Amino acid sequence: MKKIFNFSPGPATLPYEVLKQAQNELINWNNLNFSVMEISHRSNEFIDLLQNIKQDLRELINIPTQYDILFCQGGARTQFAAIPMNLLFYNEIADYANIGYWSLQAIKEAKKYCVPNIINPVKKKNGIFYIKKIENWILNKNSKYIHICPNETIEGIAINKEPILQNKIIIADLSSSILAKEINVKNYGLIYASAQKNIGTAGLTLIIIKKDLIFNNHKKRQEIPSVLDYKIISKYNSMFNTPPTFSLYLSGLVLKWLKKIGGIKYISKINKKKSTLLYNAIDSSNFYINKIKPCNRSITNVTFYLKDKKKEDLFIQKAQENGLYYLKGHKIIGGIRASIYNAMPIEGIKTLVNFMNDFEKNYV
Ligand SMILES: Cc1ncc(COP(=O)(O)O)c(C=O)c1O
């Protein structure tokens, strides 16, 4: 098999060891002589698997006991609706920070279920984008929570400092940054993330929610579909309906892999190293440009442009010929994007940087 590096933003590259293990276990999981996809989610084996996943998540992210771990289907987009539906009535206000594309999608959906107060913290100075400090945002005094997407996957802009707000519940879409660096769960009321970037594979959404928000603060809207009702999901141990069993299984393997290589403390250092290598390569050239202030650059989605935009298609084509896949930026902003989640080895970044240097020499 040809060695390639896959920079896809999601579904994204998975650890090779995990794929190998899944391959080995595909037709005989747990010595049962059949696959994990063919077993009841009510079986002891599957319930053990689910418990193990929760335990590993608790250890990896340091999730306190006052928080519940829920699994949903329908991706992060479903949570854009489920969150206001569970926590608010129609006439209630929630602050929503518009940091980029995914923030805006969350706002559009929330408008159907509550009154979002939109905050625009992204500013531009001398052509460089930055995010105003969260302490300086003007929040609505009646809002019930603030929604943020601290890592915008498409733009590659991020709030890298842990957000802390007194007297306001923070709800965060961590779809493209969960498990990439250490966080303090206690700073949040609810964290959610689709699995297909850093947790495992598509079909699964992780929700880490303060139990108060499920049980004390819970608004009982009659029209909430039962499968989206946090109280019901919690009561049924995330198995009110049949969960995405293979996706859970694969995510379980990824979490074990992450624990084995040293957990989040270790991977966050590697991720910092990876993104620094790439940003240094961009900043030290006259050929490539990144338009985000260094303190707001994403460590997982590195975006950049070629100063001569006409050469970008050729860059992407030549990169692929050299085994560097899916570097095309999202169509709404163009340019180049390298998504470098936990499973992307540092070797992949070095290969990309060497390619960028060679391309510059050949096509300057
Ligand atoms: C930050 C963020 N939020 C939400 C989504 C939407 O996730 P899904 O397609 O799983 O609904 C994405 C997808 O890439 C994302 O990057």
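Residues numbered from 1 in each chain as written. Predicted model: local features only at pLDDT ≥ 70, side-chain atom pairs only at ≥ 80, totals over all residues. Heavy atoms only, no water.

A closer look at helix α8 (residues 263–283)
Here comes step 1: Over its 21 residues, α8 extends 30 Å from the first C-alpha to the last, a length consistent with the 30 Å expected when each residue adds 1.5 Å.
Here comes step 2: Looking at α8, one finds that the buried residues are Gly263, Ile264, Ile267, Ser268, Ile270, Asn271, Lys274, Ser275, Leu278, Tyr279, Ala281 and Ile282. Projected down its long axis, α8 carries its buried residues within an arc of 165°, all on one side. The exposed set on the far side of α8, more than 90 degrees from its buried face, consists of Lys265, Lys269, Lys272 and Lys273.
Here comes step 3: Check the buried side of α8 and you find it contacts α2 (44–61), α7 (245–261), β13 (288–289), β14 (301–306), β16 (336–339) and α10 (346–363). (Helix = DSSP H or I, 4+ residues; strand = E, 2+ residues; numbered from the N terminus. Expected span 1.5 Å × (residues − 1). Buried < 20%, exposed > 50% of the residue type's maximum accessible area, 1.4 Å probe, protein only. Arc of directions from axis to C-beta. Contact = heavy atoms within 4.5 Å.)

Some thoughts on the side chain of Lys168
Here comes step 1: With respect to the helices, strands and loops of the structure, Lys168 is situated in the loop between β9 (157–158) and β10 (170–173).
Here comes step 2: A relative accessible area of 14% places Lys168 in the buried class.
Here comes step 3: Polar side-chain contacts of Lys168 include one of 2.6 Å to the side chain of Ser143.
Here comes step 4: Leaving out residues up to four positions away in the same chain, Lys168 has contacts with Asp95, Leu139, Asn140, Lys141, Ser143, Tyr145 and Ile146. (Polar contact = N/O pair within 3.5 Å; in protein donor to acceptor, adjacent residues only side chain to side chain.)

Regarding the site of the ligand
Here comes step 1: If you check the shell around the ligand, you find Gly75, Ala76, Arg77, Phe80, Trp102, Cys149, Thr153, Asp173, Ser175, Ser194, Gln196 and Lys197 and nothing else.
Here comes step 2: In the model, an oxygen atom of the ligand is placed 3.1 Å from a nitrogen or oxygen of the Ala76 main chain.
Here comes step 3: In this structure, an oxygen atom belonging to the ligand sits 2.8 Å away from a side-chain N or O atom of Ser194.
Here comes step 4: Protein contacts shield 86% of the accessible area of the ligand, which totals 390 Å² for the unbound molecule.
Here comes step 5: For the shell around the ligand, the element with the most residues is helix α3 (residues 75–87), which contributes four residues.
Here comes step 6: Classifying every residue of the shell around the ligand by side-chain character gives four nonpolar, five polar and three charged. (Near = heavy atom within 4 Å. Areas by Shrake-Rupley, 256 points an atom, 1.4 Å probe, with all protein chains shown as cover. Nonpolar A, V, L, I, M, F, W, Y, C, P; charged D, E, K, R; others polar.)

Some thoughts on the pairing of strand β11 (residues 190–194)
Here comes step 1: Extensive coverage of β11 is indicated by the burial of five of its five residues.
Here comes step 2: Every second residue of β11 is oriented toward a common face, with Leu190, Tyr192 and Ser194 on one face and Ile191 and Ala193 on the other, all of them buried.
Here comes step 3: Pairing between β10 and β11: three bridges, direction parallel. Bridged to Asp173 within β11 is Tyr192. (Pairing = 2+ DSSP bridges.)

Regarding the pattern of salt bridges
Here comes step 1: Evaluation of the coordinates by the stated rule reveals 13 salt bridges.
Here comes step 2: Glu92 is the partner of Lys144 in a salt bridge, and the nearest nitrogen-oxygen pair spans 3.8 Å. Of the two residues, Lys144 is situated in the loop between β6 (128–131) and β7 (146–148) and Glu92 in the loop between α3 and β3 (93–97); the sequence distance between them amounts to 52 residues.
Here comes step 3: Here Glu109 and Lys112 are joined by a salt bridge, their closest N and O atoms 3.2 Å apart.
Here comes step 4: For Glu109, a relative accessible area of 22% gives the class partly exposed.
Here comes step 5: Members of the salt-bridge network, linked through shared partners, are Asp56, Glu59, Lys256 and Lys259. (Salt bridge = Lys/Arg side-chain N within 4 Å of Asp/Glu carboxyl O.)

Description of the environment of Phe46
Here comes step 1: Its place among the elements puts Phe46 in helix α2.
Here comes step 2: A C-alpha to C-alpha distance of 8.3 Å links Phe46 and Thr245, two positions 199 residues apart in sequence.
Here comes step 3: Setting aside residues up to four positions removed in sequence, Phe46 forms contacts with Val36, Ile39, Ser40, His41, Met239, Pro243, Thr245 and Leu248.

Considering the sheet that holds strand β4 (residues 115–119)
Here comes step 1: Read from one edge to the other, the open sheet built from seven strands follows the order β2-β12-β11-β10-β7-β3-β4, with strand pairing classed as mixed. Strand pairing shows two members of the sheet lacking a second neighbour, β2 (67–72) and β4, which therefore form its edges. Ignoring strand direction, the axes of neighbouring strands in this sheet form an average angle of 20°.
Here comes step 2: Where α2 meets the sheet, it contacts β2 and β12 (205–210), and its direction lies at approximately 125° from that of β2. (Axes fitted to C-alpha atoms, helices over the stretch in contact; angles between N-to-C directions.)

Quick notes on the packing of helix α9 (residues 312–321) against α10
Two packed helices can be described by the angle between their axes and the distance between those axes.
Here comes step 1: In contact at an axis separation of 11 Å, α9 and α10 are set at 130° when each is read in the N-to-C sense. With respect to their mutual orientation, α9 and α10 come out oblique. Here the hand of the crossing between α9 and α10 comes out right-handed. Of α10, the residues touching α9 (which contributes Leu314, Phe315, Lys318 and Ala319) are Phe355, Met356, Phe359 and Tyr363.
Here comes step 2: Considering only residue class, the contact of α9 with α10 consists of seven nonpolar, no polar and one charged. (Parallel < 35°, antiparallel > 145°, perpendicular 65-115°, else oblique. Left-handed = near helix turned anticlockwise from the far one by under 90°.)

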